[in-house]
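One letter stands for each residue in the lines below.
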Amino acid sequence: MPIPVFEYPVTVLVSDIDEMDHANNVCYIRWMQEAAIGHSTRNGWPTERYIAAQWAWVARRHTIDYLQPAFLGDELIVRTWVAEFKHVRSRRKYMIVRKSDDEILAKAETHWAFVSTETRRPMKIPQDVSVCFIPVGEEPTIPVKSES
């Protein structure tokens, strides 16, 4: 059974901190990517399976609204879900929260294109992939499941 909303835990490390003493914005994209891969893996599509099928997701656009900073040692949860599938595209949403108080630190989304790694061209998302994800829409209203 596919997990519609996935939670990926993150702890802010020294290497994540910038000159402003908070997590650098580049870290958020890394955490988003790790959460997306974790969600896909949990739903039956680890990176190795995409490679074997000669398929891949390619990021077309990231949008991030930073609402509060994350600091050294903060334990975060990156919640992620597929908002929609459209032919060769998918839109994935993220909400990054501080675990201690569930404060929303950032809201984000990524527009992905599904491609053949052989031709490097967009291709229709195969049903084998799409049935493993439940599009949730803009905001999850269903219980979330963690990585474990």
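Caption draft 1: Looking closely at the overall build of the chain. From N to C terminus, the chain includes 3 helices and 6 strands. Going from N to C terminus, the chain has its helices and strands arranged as β-α-α-β-β-β-β-α-β. For the chain, the C-alpha radius of gyration of 16 Å lies close to 15 Å, the compact-globule estimate for 148 residues. The principal-axis extents of the C-alpha atoms in the chain amount to approximately 45 × 30 × 25 Å. Expressed as a percentage of its 148 residues, the buried residues of the chain come to 41%. Within the chain, contacts between residues at least 6 apart in sequence are counted, and of these 69% link residues at least 24 apart. As displayed, the chain has an accessible area near 8300 Å², and 53% of this comes from carbon and sulfur atoms. Charge separation in the chain, taken as the distance between the mean sites of 18 positive and 20 negative side-chain charges, equals 10 Å.

Caption draft 2: Structural detail: the pairing of strand β4 (residues 89-98). In terms of residue burial, β4 counts as a mostly covered element, since 9 of its 10 residues are buried. Judged from the 10 bridges that link them, strand β3 (residues 75-86) and β4 form a sheet pairing that is antiparallel. Across the sheet, Ile 77 pairs through a bridge with Val 97, a residue of β4. The hairpin formed by β3 and β4 contains 2 residues between the paired strands, and His 87 there has a positive phi angle of roughly 50 degrees. Here β4 hands over to strand β5 (residues 103-116) after 4 residues, with Asp 102 in that stretch at a positive phi of 60 degrees.

Caption draft 3: Structural view of the side chain of Ser 40. Examined against the element boundaries, Ser 40 turns out to sit in helix α1 (residues 25-42). Excluding its chain neighbours within four sequence positions, the residues that come into contact with Ser 40 are Trp 45, Pro 46, Tyr 50 and Phe 133.

Reading guide: rules and limits
- Residues numbered from 1 in each chain as written.
- Predicted model: local features only at pLDDT ≥ 70, side-chain atom pairs only at ≥ 80, totals over all residues.
- Heavy atoms only, no water.
- Helix = DSSP H or I, 4+ residues; strand = E, 2+ residues; numbered from the N terminus.
- Rg over C-alpha atoms; globule rule 2.2 N^0.38 Å.
- Buried < 20%, exposed > 50% of the residue type's maximum accessible area, 1.4 Å probe, protein only.
- Contact = heavy atoms within 4.5 Å.
- Areas by Shrake-Rupley, 256 points an atom, 1.4 Å probe, with all protein chains shown as cover.
- Lys, Arg positive; Asp, Glu negative; His and termini not counted.
- Charge placed at Lys NZ, Arg CZ, Asp CG, Glu CD.
- Pairing = 2+ DSSP bridges.

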